[in-house]
Amino acid sequence: MEEKNRTMIEEGRRVLERLQSRQHEAYFVGGFVRDFVLERPVKDVDIATSAKPQEVMEAFSKTVPTGLQHGTVTVLTGAYSFEVTTFRKETEYEGFRRPAEVEYITDLEEDLKRRDFTMNAMAMDAEGNLIDPFGGRSDMDRGVLRCVGEAAERFGEDALRMLRCIRFAAEYGLDIEEATWQALLRQAPLLRHIAMERVRAELQRMVGGADPARAAGLLLASGLWRHAKTPLALPFAAWGHPHAQAVIAHLSSIPAEEDRWAVLLLLIGSQQFEAVRAELRALTFPGEDIARLTRILAVHAYLQRGDAEDAGLRPRPEAQSSAEERAAARFKLAVLAHGKEAARGWLRAAGLLRAAWRQRQDGAGAASPAGTGRFGQDGTLPGNSAQSGLAMTQGESDCLEASRAGAELSEQDASPSVKHAQPSQAVPRLASARYEASGDLPTDADMHTAAGEACLEELFRFMTEEADVYLENGEPWIRMMPVYSVKDLAVGGSDLMVQSGQKAGPWIGETLNRLLERVALGQLENTLEILMTEAFRLQKCEMNDS
């Protein structure tokens, strides 16, 4: 156990002991107990107690009344904070999300009974003794995720629990118990009551988690993505296409969550970055994240379009340029248009796409969350995806290394993300045909239609036939560029106005951008004298043309 975790737990024990010294019951609860039992790192420590909120505040010198309406007080002690919540039961829920009112109680088991899954309904005392009235430890040992009590009631109380169900199953390598899964399918339409920022937060945890492939498979098989409060328009069912599965199976080999999102969005929106922008806004992604991701897709759209013979892409206008020279020019212009970080993001994402698809073409049997068919084929849920990642070629820098990601497959699977890895076929079948016929679950026809909308075949062809020159040379091209924006030019707008005697206007930006392109493509040296001469030549040509 890390020293930080050990110190935090010891501080937490002192909180329990202080409450006990005042004749109150107090226990560790929730995610802390779950992760402690699984020997995973713990992020925070939650405590449940028979003490009322006022009694908790009286017991400690530093407290914050963070959630008095729900019985929660944050206790500050040492370098840590602990949420201490009074035992309670929740009689009614409103908006399928929050309890309308809570009732303080003195019974720990009744408090645990209101929680979502058995793995989260355990408690532990200060001596480390486990209190487990609903079999959470046994369920984890068996690799099963199960609701406490009636699953339909738990999901009806808080519809966000359905997304949490998928996230926990993926993160901890658990199979969803059949009754829990069936209840999730029935209650899926309730997701429309959940705020989009809550949905986005769960999706981000899935994509950034231990097994995003498993999460994507369960999400598609559940049909939950069809029931968001703000309708989602992108063809998410395309993630079920074999082309997409071959890539998603290796998503966990990419360390950064943002790069994982770039891959997923390329699979369903490679030529629709404006639609992607709208979808990310609907999901309440922060503006900076939206800008970064859409710029990566814009780089791809620029590289994939088929006007490579455009004269503007010739680094040597007076001579016939080679295909590689035109590719270099195109890539550099994409860097100018969307930024070098976006170009590097594209290199990382495209590296995974190319490697996964080449492995599939070579007959290496790329792993996918549900074999070679679509997610949820024949009414089954996808099992755990193989954890094998794509090797990252060592390079001179992290960016060069990432741009070559996927050059070859790693020889060994990555370490399992959880203590108990589950067999791929252990997840239950959908027992009732009416779920499959309800129109909520993606069919093969849905998947193929979505793949067409996503231009997935075109993306596959480009990555396997044309992208090599960009992936192999992209990072060196970026490094060799003498300029990346007009700020890097040796001439500025004020220089142009002084020498020309003209007033400020759109002509300045247009002239600087044309100079920028020529310097970036190696057609001009970045010196004041040369750029001023070229600027006046451009102006003269425009005057003659007009």
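Predicted model only: the values in this text are computed from it and were never measured. (Residues numbered from 1 in each chain as written. Predicted model: local features only at pLDDT ≥ 70, side-chain atom pairs only at ≥ 80, totals over all residues. Heavy atoms only, no water.)

Draft legend 1. Spotlight on the side chain of T86. Tracing the chain through its elements places T86 in strand β5 (residues 80-86). Here A51 takes part through its backbone oxygen, which lies 2.7 Å from a polar atom of the side chain of T86. (Helix = DSSP H or I, 4+ residues; strand = E, 2+ residues; numbered from the N terminus. Polar contact = N/O pair within 3.5 Å; in protein donor to acceptor, adjacent residues only side chain to side chain.)

Draft legend 2. Layout of the packing of aromatic side chains. Within the structure shown, the criterion is met by 14 aromatic pairs. A centroid spacing of 6.1 Å and a plane angle of 50° characterise the contact between F168 and Y172, whose relative ring orientation is tilted. By relative accessible area, Y172 is classed as buried at 6%. Consider the rings of F236 and W239, whose centres lie 5.2 Å apart with planes at 75°: the pair is edge-to-face. The buried category is assigned to F236, whose relative accessible area is 9%. For W239, a relative accessible area of 5% corresponds to the buried category. Through a chain of ring-to-ring contacts, three or more aromatic side chains come together here, namely F331, W346, F462, Y470 and W477. (Phe/Tyr/Trp six-rings, centres within 6.5 Å; stacked < 30°, edge-to-face > 60°. Buried < 20%, exposed > 50% of the residue type's maximum accessible area, 1.4 Å probe, protein only.)

Draft legend 3. Quick look at the layout of surface pockets. Taken as a whole, the largest pocket spans an internal volume of roughly 1800 Å³. In this structure, the largest pocket is lined by 48 residues; those nearest its centre are G31, D46, E83, R164 and R167. Of all elements in the fold, only α2 (31-37), β2 (46-49), β3 (63-67), β5, β6 (88-94), β7 (98-104), α7 (160-171) and α9 (196-207) reach the threshold of two or more residues within the lining of the largest pocket. At 6 residues, the largest contribution of residues to the lining of the largest pocket is made by α7. (1 Å grid on protein atoms, 1.4 Å probe; cavity = no way out; pocket = protein on both sides within 12 Å on 5 of 7 lines; lining within 4 Å. Points joined across faces, edges and corners; volume = space filled by probe spheres on them.)

Draft legend 4. Just the sheet that holds strand β8 (residues 123-124), in detail. Strand order in the open sheet formed by 7 strands is β3-β4-β5-β2-β1-β8-β9, and the pairing between neighbours is mixed. Each of the sheet's edge strands pairs with one partner strand only, and the pair in question is β3 and β9 (130-131). As paired elements, β3 and strand β4 (residues 72-77) share 3 bridges and run antiparallel to each other. Counterpart to T63 in the pairing with β4 is V75. Strands β1 (26-29), β2, β4, β5 and β8 of the sheet are contacted by helix α1 (residues 3-21), whose axis makes an angle of about 40° with β5. (Pairing = 2+ DSSP bridges. Contact = heavy atoms within 4.5 Å. Axes fitted to C-alpha atoms, helices over the stretch in contact; angles between N-to-C directions.)

Draft legend 5. Quick look at α9. For α9, with 12 residues, the first-to-last C-alpha span of 16 Å sits near the 16 Å given by 1.5 Å per residue. Among the 12 residues of α9, 9 are classified as buried, and the element is accordingly described as predominantly covered. Three or more residues of α9 are buried, namely M196, V199, R200, A201, E202, L203, Q204, M206 and V207. Residues of α9 that are buried make contact with α7, α10 (212-222), α12 (257-269), α13 (273-282) and α14 (287-304). (Expected span 1.5 Å × (residues − 1).)

Draft legend 6. Seen up close, the pairing of β4. When you tally the buried positions in β4, you get 5 out of 6 residues, the bulk of the element. Linking β3 back to β4 in an antiparallel pair, the connection comprises 4 residues, with G71 at a positive phi of about 85°. Sheet topology note: the β4/β5 ladder contains 6 bridges and is antiparallel. Across the sheet, residue T77 finds its bridge partner in β5, namely Y80.

Draft legend 7. Region of the structure containing empty space enclosed by the protein. Overall, the coordinates contain 4 cavities of 30 Å³ or more when judged by the stated rule. Taken as a whole, the largest cavity holds about 200 Å³ of empty space. For the largest cavity, the lining is made up of 19 residues, of which L203, L219, F236, W239 and W261 are closest to its centre. Sorting the residues of the lining of the largest cavity by element identifies α9, α10 and α12 as the ones contributing at least two each. In terms of residue class, the lining of the largest cavity is built from 19 nonpolar, no polar and no charged. (Nonpolar A, V, L, I, M, F, W, Y, C, P; charged D, E, K, R; others polar.)

Draft legend 8. Molecular detail of the packing of α14 against helix α16 (residues 340-361). The interhelical angle for the contact between α14 and α16, taken along N-to-C directions, is 75°, at an axis separation of 8 Å. What the angle tells us is that α14 and α16 run roughly perpendicular. Along its contact with α14, which presents R295, I296, V299, H300 and L303, the element α16 presents A342, A343, G345 and W346. Looking at side-chain class alone, the contact of α14 with α16 contains 6 nonpolar, 2 polar and 1 charged residues. (Parallel < 35°, antiparallel > 145°, perpendicular 65-115°, else oblique.)

Draft legend 9. Inspection of the pattern of salt bridges at higher detail. Under the counting rule described, the total for this entry stands at 31 salt bridges. Residue R354 is joined to D468 by a salt bridge in which the shortest nitrogen-to-oxygen separation is 3.0 Å. With a gap of 114 residues between them, R354 in helix α16 and D468 in helix α21 (residues 468-480) connect regions that are remote in the sequence. On the basis of relative accessibility, which here comes to 21%, the residue D468 falls in the partly exposed class. Of the charged contacts in the structure, one is a salt bridge between R354 and E472, with a shortest N-O distance of 3.8 Å. Placement of R354 in helix α16 and of E472 in helix α21 is noted, with a sequence separation of 118 residues between them. Residues participating in the shared-partner salt-bridge network are R34, D35, R40 and E171. (Salt bridge = Lys/Arg side-chain N within 4 Å of Asp/Glu carboxyl O.)

Draft legend 10. The side chain of Q304, seen in detail. Residue position: Q304 is located in helix α14. Within the local environment of Q304, its side chain forms a polar contact with the side chain of Q271, the two groups lying 3.0 Å apart. Ignoring sequence-local partners within four residues, the contact set of Q304 consists of Q271, E458, L459 and F462.

Draft legend 11. Highlighting unusual backbone geometry. Its identity as a non-glycine residue notwithstanding, T284 has a phi of 60°, on the positive side. Relative to the helices and strands, T284 is located in the loop between α13 and α14. For T284, a relative accessible area of 27% corresponds to the partly exposed category. Notably, C455 is not glycine yet its phi reads approximately 55°, a positive angle. Among the structural elements, C455 can be located in the loop between α19 (444-453) and α20 (456-465).

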